[in-house]
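# Fold and geometry: a report
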Amino acid sequence: MNDERPVLVTGGAGYIGSVLVPMLLEQGRRVRVLDRFLHGGQGLEALRGERDLEVLTRDLRDPRVHDEAIEGVDTVIHLAAIVGDKACAQNEEVAVQTNWTSTVAFARRAAAAGVRRFVFASTCSVYGEGRDEILTEESPVRPLSLYAETRRHAEEGLLELIGVKDFEPVLLRFGTVYGLSPRMRFDLVVNLLTLHAVQRGKVSIFGGKQWRPFVHVRDIARALEMALTEPAPDGSPILNVGDNMENYQLLDLREELEARVPGVRIEVVPEASDPRTYRVSFDRIERLWGFRASKRVGDGIEEIARALRAGSIPDPENRRYVNA
Ligand SMILES: NC(=O)c1ccc[n+]([C@@H]2O[C@H](COP(=O)([O-])OP(=O)(O)OC[C@H]3O[C@@H](n4cnc5c(N)ncnc54)[C@H](O)[C@@H]3O)[C@@H](O)[C@H]2O)c1
């Protein structure tokens, strides 16, 4: 085991965490994961026996676990959450506790204990209804779901902790993530459409005019890794994570799918309107950290389609791949 301080990754067994954790280990870091394994242990299965990985099966809502989690740690990547509008709507109380109140309580404890860098996984869905603007970190937020609201409240709570000892929060607002992960999710739009295209030969796109910024899960992991070492942004510590090239209207996914899943039938279902539309600027993270996406949506469709055809994702329509 190396004698560096471990990086604490909460929610490290999840969709993003299970891509990030091996990446950190490969770079020679020690990693401590805290997770309540809501979606099983598949995400970390391949890392069993890793010397530099410590796993705490704990629920972050229990304040008694906070000290144990941050013992000897000066950097935290906080991914643990009830993720998605549906999952939050299913159990509002647990969502509010996990995503907001316990997140802030945990960060407060971490700040008081001298944790410096605290990287928080927020979401571009806090922008809600973007209309035709291109949204920057300074744009007004209009969260349209409990999930987005809880993420915004957590952001506010973390911002209030600036000034407590050396606490340096970095708030990353991710676009909608896609791509293969050891803890696969098929409730994310690119992943789901690819699943339907390959398994059923038919895809329905609802509405289609909505804008979304998409970002590959490995690029998210790269941004999280950069957030451990890059200087905190001057002024506001909020950064959108994605790439200007990767804002799509959902209808644009039609061409991407047709090109990679030959013969797929795509039906566009007119929908009253999905108010959640946001087109996002990623200028700031590019200017400050030189961050650009290394993968495009088409690459993600390609890799997922290949994995499905190869049978490497067992029983892909199983409920375990969706959060609600
Ligand atoms: N996937 C996306 O498109 C996306 C987009 C924007 C932001 N995010 C943010 O990224 C983070 C990770 O998302 P994901 O897609 O990996 O989700 P996920 O649901 O796959 O993983 C979340 C993990 O958190 C754990 N967890 C939940 N409650 C916990 C608790 N009380 N204590 C300990 N562990 C707990 C779960 O067991 C799970 O392993 C979340 O904070 C989410 O809000 C994700």
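Residues numbered from 1 in each chain as written. Predicted model: local features only at pLDDT ≥ 70, side-chain atom pairs only at ≥ 80, totals over all residues.

### Topic: the packing of helix α8 (residues 252-260) against helix α10 (residues 297-309)
Across the interface, α8 lies against α10 with an axial gap of 10 Å and an inter-helix angle of 40 degrees. It follows that α8 is oblique to α10 by the angle criterion. Considering the relative orientation of α8 and α10, their crossing is right-handed. Contacts between α8 and α10 involve Glu-256, Leu-257, Ala-259 and Arg-260 from the former and Val-297, Gly-298, Ile-301, Glu-302 and Ala-305 from the latter. Here the residues of the contact of α8 with α10 are counted per class, giving five nonpolar, one polar and three charged. (Axes fitted to C-alpha atoms, helices over the stretch in contact; angles between N-to-C directions. Helix = DSSP H or I, 4+ residues; strand = E, 2+ residues; numbered from the N terminus. Parallel < 35°, antiparallel > 145°, perpendicular 65-115°, else oblique. Left-handed = near helix turned anticlockwise from the far one by under 90°. Contact = placed C-beta atoms within 7 Å. Nonpolar A, V, L, I, M, F, W, Y, C, P; charged D, E, K, R; others polar.)

### Some details on the sheet that holds strand β3 (residues 53-57)
Within the open sheet, the seven strands sit side by side as β3-β2-β1-β4-β5-β7-β11. Their pairing is parallel. In this open sheet, the two edge strands, each paired with only one partner strand, are β3 and β11 (238-241). With direction set aside, neighbouring strand axes in the sheet form an average angle of 20 degrees. Bridge count between strand β1 (residues 7-10) and strand β2 (residues 31-35): four bridges; the pairing is parallel. Paired with Thr-10 across the two strands is Leu-34, which belongs to β2. (Pairing = 2+ DSSP bridges.)

### Quick look at the packing of helix α6 (residues 189-200) against α10
Contact pair α6 / α10: the axes reach a minimum separation of 9 Å and the direction vectors enclose 45 degrees. The pairing of α6 with α10 is recorded here as oblique in orientation. Here the hand of the crossing between α6 and α10 comes out right-handed. Touching Val-190, Asn-191, Thr-194, Leu-195, Val-198 and Gln-199 of α6 are Val-297, Gly-300, Ile-301, Ile-304, Ala-305, Leu-308 and Arg-309, all from α10. A breakdown of the residues in the contact of α6 with α10 according to their chemical character gives eight nonpolar, four polar and one charged.

### Re the domain arrangement of the protein
The domain architecture assigned to the protein consists of domain 1 (7-177 + 216-241) and domain 2 (179-214 + 246-278 + 295-321). Domain 1 and domain 2 are separated by 25 Å when their C-alpha centres are compared. Each partner contributes to the interface: domain 1 provides 27 residues, whereas domain 2 provides 21 residues. Elements supplying a minimum of two residues to the side of domain 1 that touches domain 2: α1 (17-26), β6 (129-135), β8 (176-178) and α7 (217-229). A breakdown of the residues in the side of domain 1 that touches domain 2 according to their chemical character gives 10 nonpolar, 13 polar and four charged. (Domains from an automatic or database assignment.)

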